[in-house]
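For reference, the chains in residue letters:
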Amino acid sequence: MRKRRLAILISGRGSNMEAIARETQPGGMLADCAEVAVVAANRAEAVGLRVAAEMGLPTVCVPSRGRGREEFERELLAELERFSPDWIVLAGFMRVLSPLFVARHRNRIVNIHPADAREYQGAHGYEWAWERGLAATWITVHYVDEGVDTGEIIALRRVDLAGAASLDEVRARGLRIEHGFFCQVLRPLCLGRGGL
Ligand code: GRF
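Overview of the structure. (Residues numbered from 1 in each chain as written. Predicted model: local features only at pLDDT ≥ 70, side-chain atom pairs only at ≥ 80, totals over all residues. Heavy atoms only, no water.)

A few points about the site of the ligand
Turning to step 1, where the next piece is worked out: Taken together, Arg13, Gly14, Ser15, Asn16, Gly92, Ile112, Pro114, Tyr126, Leu175 and Glu178 make up the full set of residues adjacent to the ligand.
Turning to step 2, where the next piece is worked out: Look at the ligand: alone it shows 370 Å² of surface, and the protein chains cover 87% of it.
Turning to step 3, where the next piece is worked out: At the level of elements, α1 (15–23) and α6 (167–190) are the ones that each hand at least two residues to the shell around the ligand.
Turning to step 4, where the next piece is worked out: Class assignment of the residues belonging to the shell around the ligand gives a composition of four nonpolar, four polar and two charged. (Near = heavy atom within 4 Å. Areas by Shrake-Rupley, 256 points an atom, 1.4 Å probe, with all protein chains shown as cover. Helix = DSSP H or I, 4+ residues; strand = E, 2+ residues; numbered from the N terminus. Nonpolar A, V, L, I, M, F, W, Y, C, P; charged D, E, K, R; others polar.)

Below you can see the structure in the form of structure tokens.
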């Protein structure tokens with residue numbers, strides 16, 4: 001089977017990108033079904049870009065600051081095209097994609113959202129859980145549509161927050177789960193099975 005080509009889009013730290021990339025290496029969960037075609041960022045300062053380059057992955061940066069969405073996305077689409085991605089994986093990518101972009105790759109864009117996307121959409125999902133003192137929160141992996149975290153849900157994973165003493169701890173517990181969970185969800189997608 002041909003390995004599915006992932007274009008991973010990031011804006012910052014890139015810990016999910018790194019986790020996915022590691023799992024595509026020999027012995028990893030995605031080793032037989034996926035490869036990282038490119039890591040793309042919309043900010044040159046994104047730490048994850050450096051991490052990706054150090055891992056030997058192709059990287060591109062298409063700056064979004066100070067540009068209209070259409071101009072930015074046209075360039076991003078053109079850059080991604082060069083790498084022929086099968087899946088576009090949003091991993092901490094902090095820009096909302098336009099209907100034009102979504103239409104071009106419909107049902108081939110997935111995002112990880114650090115909350116239950118049916119209850120909370122947008123940035124700061126861990127802050128939301130922490131401020132409410134939730135005993136547990138959820139991570140959502142979903143297809144990307146024209147809205148913000150509104151696309152069809154592929155899978156949800158629970159994060160136990162009992163006894164979490166700070167927002168940092170909530171984040172750390174969540175991220176630990178995100179890394180494995182995202183790869184577990186990507187595997188059947190890359191194998192062409194959809195869902196978990
Ligand atoms: C993660 O919490 C992810 O769920 C959210 O943004 C954060 C990105 O973290 N969409 P990282 O850049 O993968 O470390």
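The structure having been displayed, the exposition proceeds.
Comments concerning the packing of aromatic side chains
Turning to step 1, where the next piece is worked out: All chains considered together, the criterion is met by one aromatic pair.
Turning to step 2, where the next piece is worked out: Measuring from centroid to centroid gives 5.0 Å for tyrosine 120 and tryptophan 128, while their planes differ by 20°, and the two rings are stacked.
Turning to step 3, where the next piece is worked out: Judged by its relative accessible area of 19%, tyrosine 120 is buried.
Turning to step 4, where the next piece is worked out: Lying over the aromatic face of phenylalanine 72, arginine 95 brings its terminal NZ or CZ to 5.0 Å of the ring centre. (Phe/Tyr/Trp six-rings, centres within 6.5 Å; stacked < 30°, edge-to-face > 60°. Buried < 20%, exposed > 50% of the residue type's maximum accessible area, 1.4 Å probe, protein only. Lys NZ or Arg CZ within 6 Å of the ring centre and 35° of its normal.)

Quick look at the environment of alanine 135
Turning to step 1, where the next piece is worked out: You can see alanine 135 is positioned in the loop between α5 (125–131) and β6 (136–143).
Turning to step 2, where the next piece is worked out: In this structure alanine 135 comes out as exposed when scored by relative accessible area, which is 52%.

Considering the environment of methionine 29
Turning to step 1, where the next piece is worked out: Along the polypeptide, methionine 29 turns up in the loop between α1 and β2 (34–41).
Turning to step 2, where the next piece is worked out: The class for methionine 29 is partly exposed, based on a relative accessible area of 28%.
Turning to step 3, where the next piece is worked out: Along the backbone, methionine 29 and isoleucine 177 are 148 residues apart, and their C-alpha atoms lie at a distance of 15 Å.

Examining the nonpolar core
Turning to step 1, where the next piece is worked out: In this structure, Ile8, Ile20, Val89, Val110 and Phe182 are the most contacted members of the largest nonpolar core, which totals 44 residues.
Turning to step 2, where the next piece is worked out: By residue number, the principal contributor to this core is α6, which donates eight residues.
Turning to step 3, where the next piece is worked out: Residues within four places of phenylalanine 182 in sequence aside, it is in contact with Asn16, Ile20, Val89, Leu90, Ala91, Val110, Asn111, Ile112 and Val141. (Core = buried A, V, L, I, M, F, W, Y, C linked by side-chain atoms within 4.5 Å. Contact = heavy atoms within 4.5 Å.)

With respect to the sheet that holds strand β1 (residues 4–10)
In a beta sheet, neighbouring strands are held together by backbone hydrogen bonds and run either parallel or antiparallel to one another.
Turning to step 1, where the next piece is worked out: Strand order across the open sheet formed by seven strands is β3-β2-β1-β4-β5-β6-β7, with mixed pairing between neighbours. Pairing within the sheet leaves two strands with one partner each, and these edge strands are β3 (59–61) and β7 (153–160). The mean angle between the axes of side-by-side strands here comes to 20°, regardless of whether they run parallel or antiparallel.
Turning to step 2, where the next piece is worked out: Pairing of β2 with β3, which is carried by three bridges, proceeds in the parallel orientation. (Pairing = 2+ DSSP bridges. Axes fitted to C-alpha atoms, helices over the stretch in contact; angles between N-to-C directions.)

Side note on the side chain of aspartate 86
Turning to step 1, where the next piece is worked out: Within the fold, aspartate 86 resides in the loop between α3 (69–81) and β4 (87–90).
Turning to step 2, where the next piece is worked out: A polar atom in the side chain of aspartate 86 sits 2.6 Å from the backbone nitrogen of arginine 5.
Turning to step 3, where the next piece is worked out: For aspartate 86, the residues in contact, after removing those within four places along its chain, are Arg2, Lys3, Arg4, Arg5 and Arg108. (Polar contact = N/O pair within 3.5 Å; in protein donor to acceptor, adjacent residues only side chain to side chain.)

What about the state of the cysteines?
Here is the idea: a disulfide is a covalent bond, and it sits between the sulfur atoms of two cysteines.
Turning to step 1, where the next piece is worked out: For the structure shown, the criterion picks out zero disulfides.
Turning to step 2, where the next piece is worked out: Unpaired in this structure, cysteine 183 has its nearest cysteine sulfur neighbour in cysteine 33, at a distance of 9.8 Å. (Disulfide = S-S within 2.5 Å.)

With respect to the pairing of β2
Regular strands place side chains that alternate from one sheet face to the opposite one.
Turning to step 1, where the next piece is worked out: Judged by how many residues are buried, β2 sits mostly within the fold: seven of eight residues are covered.
Turning to step 2, where the next piece is worked out: Inspection of the sheet shows β1 paired to β2 by seven bridges, in the parallel sense. Of the residues in β2, the one forming a bridge with alanine 7 is valine 38.
Turning to step 3, where the next piece is worked out: Regarding the hand of the β-α-β motif, the stretch spanning β1, α1 and β2 is right-handed.
Turning to step 4, where the next piece is worked out: As a crossover connection, the stretch from β2 through helix α2 (residues 47–54) into β3 is right-handed. (Right-handed = clockwise from strand over helix to strand, strands pointing away.)

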